[in-house]
Amino acid sequence: MNEAEGLRQRRPRRPQVITEDSQAQEAKQGSTYSSRVFQMTFVMLAVSLTIPLLGAVTLLNCPIDPQPLSFKEPPFLLGVLRSNVKLQQAEKLFENQLIGPESIANIGETREDEPACGRPLGIRVGPNGTLFVADAYQGIFEVDPNTGRVKHLLSSKIPIEGKKMSFVNDLTITKDGRKIYFTDSSSKWQRRDYLLLVMEGTDDGRLLEYDTVTREVKVLMEGLRFPNGVQLSPAEDFVLVAETTMARIRRFYVSGLMKGGADMFVENMPGFPDNIRPSSSGGYWVAMSTVRHNPGFSMMDFLSEKPWIKRLIFKLLSPETVSKFVPRYSLVLELGDNGAYQRSLHDPNGLVAAYISEVHEQDGHLYLGSFRSPFLCKLNLDLL
């Protein structure tokens, strides 16, 4: 080793100077490393949980087989449809004494009891003062309110043209009491499963005619998606049918040159129609079970073309839970005799009138039925 090499080997190393900058850099590097470790751990944990969850969800049964539906953009709530609070002027009747009074009271039963106890929905007064009642599970009855006598006119257990009637809904009757036009909303779903019927988009509903003299039953229309309320025209030449799932009202001609034919009375409505009843102006009152907000967000419209989301929802949630997310927005429409909108009555938050199923006009007042509320509402038309 020469002297130069020895000096190089003996040269002292420079001491490392620790500064704040170097400490910060070291801390930053450590923090970055820790962050990456955390991120990787979180991702691995998420994947380890998600894969089994997706597998479990895939294996879960779904009670419905939803069909894709197509809707036009809902009409804007402007002009005659503009939002207001007119329904909040109604007074409540028989509060907490009724259970879902669609047309009459239904007291002392649960969802499970419905098939056995019956569930009256549509009700009409006949020419002799008797009541004609559509029971969702039992069929059609004639009831004498004076004597209490009950006559079972048509049992829902009798198949009509090879199909059972699982959900008898509403009815309308001719002035002479001979013909009854009624809806069977589905041959698959019962009334207690109405939400499943709507979400699945089942097209097995029918409009039927019952002759009280010959006791014959005819199918007038089929392939309907949740046919609901029905109303005979003043001239008794056609019957209106609310096709709830499709947000429209169909018309079927029962007499005259158009007999046997059908067309659209109102389509792309601002909500999903329930019962239809006559108005004193010669038009019709229509209760909307749910509103299609525009401007705003309509859940039903959003889900209509996304069956996979519907499947996921009903795999994870019960119908009772899903129903809690139904907006309480209440809407009543008055239609002219040609189907044009005449006026609209709203309760945007359902503070007074919620889940309206029917509007009955009598002596200058509107009586509002509901498929969920524990009361009826009465609204003075002079206040509007």
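Cut-offs used in this document
- Residues numbered from 1 in each chain as written.
- Predicted model: local features only at pLDDT ≥ 70, side-chain atom pairs only at ≥ 80, totals over all residues.
- Heavy atoms only, no water.
- Helix = DSSP H or I, 4+ residues; strand = E, 2+ residues; numbered from the N terminus.
- Buried < 20%, exposed > 50% of the residue type's maximum accessible area, 1.4 Å probe, protein only.
- Contact = heavy atoms within 4.5 Å.
- Areas by Shrake-Rupley, 256 points an atom, 1.4 Å probe, with all protein chains shown as cover.
- Core = buried A, V, L, I, M, F, W, Y, C linked by side-chain atoms within 4.5 Å.
- Pairing = 2+ DSSP bridges.
- Axes fitted to C-alpha atoms, helices over the stretch in contact; angles between N-to-C directions.
- Salt bridge = Lys/Arg side-chain N within 4 Å of Asp/Glu carboxyl O.
- Arc of directions from axis to C-beta.

Caption draft 1: The overall build of the protein, seen in detail. Counting its secondary structure elements, the protein contains seven helices and 20 strands. Relative to its full complement of 384 residues, the protein shows a buried share of 48%. Sequence separation of 24 or more characterises 54% of the internal contacts of the protein that already satisfy a separation of 6 or more. Approximately 20,200 Å² of the protein is accessible, and the part contributed by carbon and sulfur atoms is 55%.

Caption draft 2: Structural detail: the nonpolar core. Of all hydrophobic cores here, the largest spans 22 residues; its most connected members are Ile64, Phe71, Phe167, Met199 and Phe314. For this core, the secondary-structure elements that each account for two or more residues are α4 (194-200), α5 (299-303) and α6 (307-316). Considering every element that reaches this core, the biggest residue donor is α4, with five residues.

Caption draft 3: Structural view of the sheet that holds strand β2 (residues 120-125). Spatial strand order, β2-β3-β4-β5: four strands in an open sheet with antiparallel pairing. Only two strands of the sheet have a single partner each, and these edge strands are β2 and β5 (150-155). This sheet shows a mean twist of 20 degrees between the axes of neighbouring strands, independent of strand direction.

Caption draft 4: Region of the structure containing the pairing of strand β19 (residues 365-370). In the sheet, strand β18 (residues 356-362) pairs with β19 via six bridges, with the strands oriented antiparallel. Across the sheet, residue Gln362 finds its bridge partner in β19, namely His365. Following β18, the chain reverses through two residues before pairing antiparallel with β19; Asp363 in that reversal takes a positive phi of roughly 50 degrees. The hairpin turn running from β19 into strand β20 (residues 376-380), its antiparallel successor, is five residues long.

Caption draft 5: Structural detail: the pattern of salt bridges. Tallied over the entire structure, the rule returns 14 salt bridges. The salt bridge partner of Lys188 is Glu200, with a shortest N-O separation of 2.9 Å. Here Glu200 lies in helix α4 and Lys188 lies in the loop between β7 (179-184) and α4, a separation of twelve residues in the sequence. The exposure class of Glu200 is buried, given its relative accessible area of 3%.

Caption draft 6: A look at the environment of Leu87. Along the chain, Leu87 turns up in the loop between α2 (20-59) and β1 (91-93). Taking the relative accessible area as the measure of exposure, Leu87 reaches 0% and is therefore buried. When the C-alpha atoms of Leu87 and Ala354 are compared, they prove to be 9.4 Å apart, with 267 residues separating the residues in sequence. Each residue touching Leu87, except ones within four places of it in the same chain, is listed here: Ser330, Leu331, Val332, Leu345, His346, Asp347, Val352, Ala353, Ile356, Leu368 and Leu379.

Caption draft 7: View of the environment of Glu222. Mapped onto the elements, Glu222 comes out in strand β9 (residues 217-224). Under the relative-accessibility criterion, Glu222 is labelled exposed at 53%. Distance in space between the C-alpha atoms of Glu222 and Gly205 is 5.9 Å, their sequence separation being 17 residues. Non-local contacts of Glu222, meaning those with residues more than four positions away in its chain, are made with Gly205 and Arg206.

Caption draft 8: Fine view of the sheet that holds β9. Ordered by their spatial adjacency, four strands build an open sheet running β6-β7-β8-β9, and the pairing between neighbours is antiparallel. Because the sheet does not close on itself, it has two edges, and the strands there are β6 (168-173) and β9. Each strand axis lies, on average, 20 degrees off the axis of its neighbour in the sheet, ignoring direction.

Caption draft 9: Here's a closer look at α6. Taken together, the buried positions of α6 are occupied by Pro307, Ile309, Lys310 and Phe314. The arc that holds the buried residues of α6, viewed along the axis, is 155 degrees, so those residues lie on one side. Exposed and facing more than 90 degrees away from the buried side of α6 are Trp308 and Leu316.

Caption draft 10: Quick peek at unusual backbone geometry. With omega at 5 degrees, the peptide bond leading from Asn294 into Pro295 counts as cis. Mapped onto the elements, Pro295 comes out in the loop between β15 (284-291) and α5. Phi angles above zero are rare outside glycine, and Ala247 is one such case at about 55 degrees. The class for Ala247 is buried, based on a relative accessible area of 0%. Backbone geometry at Asp363 places phi at a positive 50 degrees, although glycine is not the residue there. Given a relative accessible area of 66%, Asp363 falls into the exposed group.

Remember, this is a structural readout, not a statement about activity or role.
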